[in-house]
Every structure is written in structure tokens, then in C-alpha cells.
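Summary of structural features
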Amino acid sequence: MAQERVGEKAVQAAHKTPPRPQYLRTTLIQLMLLFAVAPIIYLAAGLASAVSLACGAMCAMVPQAYFAVRLTAAARQSAHQAARLGLAAEGGKFVLSASMFALVFAVIKPSYPGLVFAGFAVFWVVQVVDGIRLLRAR
């Protein structure tokens, strides 16, 4: 009787969809924060400040989104391969961040470079805090 229950639970567990990775949650939190803060900065300090802040935020958000998508794909692989793909995703995130900073300063030429770095720093802190939350949840 007990073995039948264990067998039923195994079958039910097999039919359930796997848990969704929480990596994209960080990107969604950052996006909501940007949509909340950018209008306030625009009203308080003007368009140039809001654009500078948004550029810095995007320098953190786009690489984070790339990293999240890559880790979601890596989670479907074996542990060894997932570790390699995760490390490659981290390297890609670094290169993408550096490239985005270069593009921002070469193409957009923000009026307030300090706000670019402040936006990046705030959104990077959001990534770190949410990453710690993910580690503790497991």
C-alpha cells in the first residue's frame, strides 16, 4: 500500500511541469524599478538626467537579461555542462556590460556621466541582493 502511494507521487511529480527558473525575476524587478524611477527623475531634474540614469540602468539590465536567458538554457543541461555554460554566460555578461558602456559614451554622450554610473550601481545592487535571495531560497 505504501509503495503504491510512493509510485503515485512519482507519477504525479513526473507529470508536473518543472519549476520555472527565477533568474528572469531580477530583470523584471529592475524593469519595474526603472519605470518607477525614470519619470520621477524626469520631473525633478529634466530629460537629460533621466536619459543618463536610464542609460546606466540599461548597461546593467541588458547584460542581466542575457545572463538570465543563458542560465535558463543551461539549467536544462547536465551539471558539468551547466557549470561551463554558466561561466560562459558570466563572461558574456561582463563583455556586454563593457560594450554597452562604450556605446553609451561614444554614441549617446550623456550630459550627466555621474548619473550613468549611479544608475548602473543601483541596478547592480538590485542584481546582487536578488542573487543572494536566490541562493538562500535553495
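Presented here is an overview of the structure given in this document. This is a predicted model, so every value here is computed, not measured.

Reading the values: rules and limits
- Residues numbered from 1 in each chain as written.
- Predicted model: local features only at pLDDT ≥ 70, side-chain atom pairs only at ≥ 80, totals over all residues.
- Heavy atoms only, no water.
- Helix = DSSP H or I, 4+ residues; strand = E, 2+ residues; numbered from the N terminus.
- Expected span 1.5 Å × (residues − 1).
- Buried < 20%, exposed > 50% of the residue type's maximum accessible area, 1.4 Å probe, protein only.
- Contact = heavy atoms within 4.5 Å.
- Axes fitted to C-alpha atoms, helices over the stretch in contact; angles between N-to-C directions.
- Parallel < 35°, antiparallel > 145°, perpendicular 65-115°, else oblique.
- Left-handed = near helix turned anticlockwise from the far one by under 90°.
- Nonpolar A, V, L, I, M, F, W, Y, C, P; charged D, E, K, R; others polar.

1. Comments concerning unusual backbone geometry
Phi is positive for Lys109, close to 50°, though the residue is something other than glycine. Structurally, Lys109 can be placed in the loop between helix H4 (79–108) and helix H5 (113–137).

2. Here's the deal with H5
Its 25 residues place the ends of H5 36 Å apart at the C-alpha level, agreeing with the 36 Å of an ideal helix rising 1.5 Å per residue. Of the residues making up H5, those classed as buried are Val116, Gly119, Phe123, Val126, Gln127, Asp130 and Leu134. Residues of H5 that are buried make contact with helix H2 (23–45), helix H3 (47–74) and H4.

3. Thoughts on the side chain of Gln30
Structurally, Gln30 can be placed in helix H2. For Gln30, a relative accessible area of 0% gives the class buried. The residues touching Gln30, leaving out its near neighbours within four places in the chain, are Ala60, Met61, Gln64, Phe123, Val126 and Gln127.

4. Quick word on the packing of H3 against H4
At a minimum axis distance of 9 Å, the contact between H3 and H4 shows a crossing angle of 160°. Here H3 is positioned roughly antiparallel relative to H4, judged by the angle of their axes. Of the two possible hands of crossing, H3 and H4 adopt the one that is right-handed. Class assignment of the residues belonging to the contact of H3 with H4 gives a composition of 17 nonpolar, 4 polar and 3 charged.

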